[in-house]
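# Coordinates in review
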Amino acid sequence: MKFFRTLGAVLVLSLGAMLAHAQGWENESFPTGPGQPELKYHLLVPAGIIITNKKGVAFKGGDVVVVPGKNVTVLKSAYVQEHMKDTAFQSSFVNEQDNAGMSEEKVRDYAIVSVTVPEGVTVQGHGKTIKGPSKVTLMVTNKGSKATPDKTPGPMWDSTGGWNNE
């Protein structure tokens, strides 16, 4: 009987370790801190948000927008919660109500990113309009968002204001 209890405990611990590893693996594309300039970030546009680049191409909720790594900063959830009382921070956080009251388990499914919005690019949603040059904070779903090596020619980024699709 003691053998089965020990075996059961080992199985529970190993399953917990596998789940923790899987969660860490899923978030490896979005480590907290400044974006890596050699990467481009594929961000799933949140529901209710419209991003219009310099060329006039609109990206709506569910679309994927590609942003150069130098324009992205991934924020910690704790940082966001701490700064939610700051009106300047709130004015740049386009979908902050999606984060309010969310359980810690659910927050793990999202990455909160601050993105530089260049001149000519507009981000709209939830009653806010942010025009570049500025910064916008978005809560994006980890699933569907990723970071990949950036081999995009510089003129391509310049012509779209750094917001593009593939």
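Placed above this text is the structure.
These figures come from a predicted structure and were not determined experimentally.

Here we come to the overall build of the chain. Check the secondary structure of the chain and you find 5 helices and 11 strands. In the chain, which comprises 166 residues, the proportion classed as buried is 39%. For the chain, restricting intrachain contacts to residue pairs at least 6 apart in sequence, the fraction spanning at least 24 positions comes to 71%.

Sheets are built from strands paired through backbone hydrogen bonds, the pairs being either parallel or antiparallel. Read from one edge of the open sheet, 4 strands run β1-β6-β7-β10, paired in antiparallel fashion. Edge positions in the open sheet fall to β1 (33-34) and β10 (134-141), since each of these has one partner strand only. Here strand β7 (residues 110-117) pairs with β10 via 8 bridges, running antiparallel. Paired with Ala111 across the bridge in β10 is Val140.

Here we have 3 strands laid out as an open sheet, ordered β5-β2-β11, and antiparallel in their pairing. Two strands in the sheet have a free side with no partner beyond their single neighbour: β5 (64-68) and β11 (146-149). For this sheet, the mean inter-axis angle between neighbouring strands, taken without regard to orientation, is 25°. In this structure, strand β2 (residues 39-44) lies alongside β5, joined through 5 bridges in antiparallel fashion. Pairing of Tyr41 across the sheet is with Val67, part of β5.

Regular strands place their side chains on alternate faces of the sheet. As judged from the 2 bridges shared by β1 and strand β6 (residues 72-75), these two strands associate in the antiparallel manner. Across the sheet, the residue bridging to Pro34 is Thr73, located in β6. Sheet topology note: the β6/β7 ladder contains 4 bridges and is antiparallel. Opposite Leu75, over in β7, you have Ile112 as the bridge partner.

Note that the residue after Gly132, namely Pro133, is joined by a cis bond; omega there is 5°. Its location among the elements puts Pro133 in the loop between β9 (128-131) and β10.

The next point concerns the environment of Thr116. Mapped onto the fold, Thr116 is located in strand β7. Look past the residues within four positions of Thr116 in its chain and what remains in contact with it is Asn71, Ser134, Lys135 and Trp163.

Turning our attention to the side chain of Ser92. Counting through the fold element by element, Ser92 comes out in helix α3 (residues 87-92). With relative accessibility at 14%, the residue Ser92 sits in the buried group. With residues near it in sequence (within four places) discarded, Ser92 still touches Ile130, Lys135, Val136 and Thr137.

The rules behind the values
Residues numbered from 1 in each chain as written. Predicted model: local features only at pLDDT ≥ 70, side-chain atom pairs only at ≥ 80, totals over all residues. Heavy atoms only, no water. Helix = DSSP H or I, 4+ residues; strand = E, 2+ residues; numbered from the N terminus. Buried < 20%, exposed > 50% of the residue type's maximum accessible area, 1.4 Å probe, protein only. Contact = heavy atoms within 4.5 Å. Pairing = 2+ DSSP bridges. Axes fitted to C-alpha atoms, helices over the stretch in contact; angles between N-to-C directions.

The values are spatial; any link to function lies outside them.
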